[in-house]
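Commentary on secondary and tertiary structure
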Amino acid sequence: VQLQAYGGGLVQAGGSLRLSCIASGLIFSRTAMGWFRQAPGKEREFVAIISRSGSSTPYSDDVKGRFTISRDNAKRSVYLQMNNLKPEDTAVYYCAGKSTILTYTPMHMNEFDYWGQGTQVTVSS
């Protein structure tokens, strides 16, 4: 299984970025996907999750209303649209996946089995 995240970069506060993650080696349509981030000196934290059907999309309170997670099963990809970025959003962003039954949405980082390599997002003030 491989998850490849890309789309990070340097952006000014108030700007936008769109992260993408393409998966291979798994049945993507049966996999819940998530975005997590880790800032320097801090633990990795939950950002957003999307169920395998796309019908459930929980967000962390820190990003709710600014970030949108989506998926395209035909392209085996998950996206994170990040708007109104703040300096505190600076982190390495990781995509992750977990094979699930249709009605289950994983909610905790330790439930995810597959992890990508991360992409750096830096927001300047």
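Structure first, text after, so check above.
The structure contained in this document is the topic of the report that follows. Owing to the predicted nature of the structure, the values given are computational and were not obtained by experimental measurement. (Residues numbered from 1 in each chain as written. Predicted model: local features only at pLDDT ≥ 70, side-chain atom pairs only at ≥ 80, totals over all residues. Heavy atoms only, no water.)

Quick look at the pairing of strand β5 (residues 45-50)
- Where strand β4 (residues 31-38) lies against β5, five bridges are found, and the strand directions are antiparallel. Along β5, the bridge assignment pairs W35 with A48.
- Hairpin connection from β4 to β5: six residues lie between these consecutive antiparallel strands, with G41 at a positive phi of about 75 degrees. (Pairing = 2+ DSSP bridges. Helix = DSSP H or I, 4+ residues; strand = E, 2+ residues; numbered from the N terminus.)

Observations concerning the sheet that holds strand β1 (residues 2-6)
- Within the open sheet, the four strands sit side by side as β1-β3-β7-β6. Their pairing is antiparallel. Either end of the sheet is taken by a strand with one partner, and the two such strands are β1 and β6 (67-72). Averaged over all neighbouring strand pairs, the angle between strand axes comes to 15 degrees, with direction disregarded.
- Strand direction decides the pairing type here: β1 and strand β3 (residues 17-24), joined by five bridges, are antiparallel. Its bridge partner lying in β3, A5 is registered against C21. (Axes fitted to C-alpha atoms, helices over the stretch in contact; angles between N-to-C directions.)

Thoughts on the state of the cysteines
- Summed over all chains, the structure comprises one disulfide.
- Here C21 is linked by a disulfide to C95, with a sulfur-sulfur distance of 2.1 Å. Of note, the bridge from C21 to C95 carries an S-S torsion of about 55 degrees and is right-handed in sense. Note that C21 is positioned in strand β3 and C95 in strand β8 (residues 91-99), a separation of 74 residues in sequence. Across the pair, exposure class does not vary: C21 and C95 are buried alike. (Disulfide = S-S within 2.5 Å. Buried < 20%, exposed > 50% of the residue type's maximum accessible area, 1.4 Å probe, protein only.)

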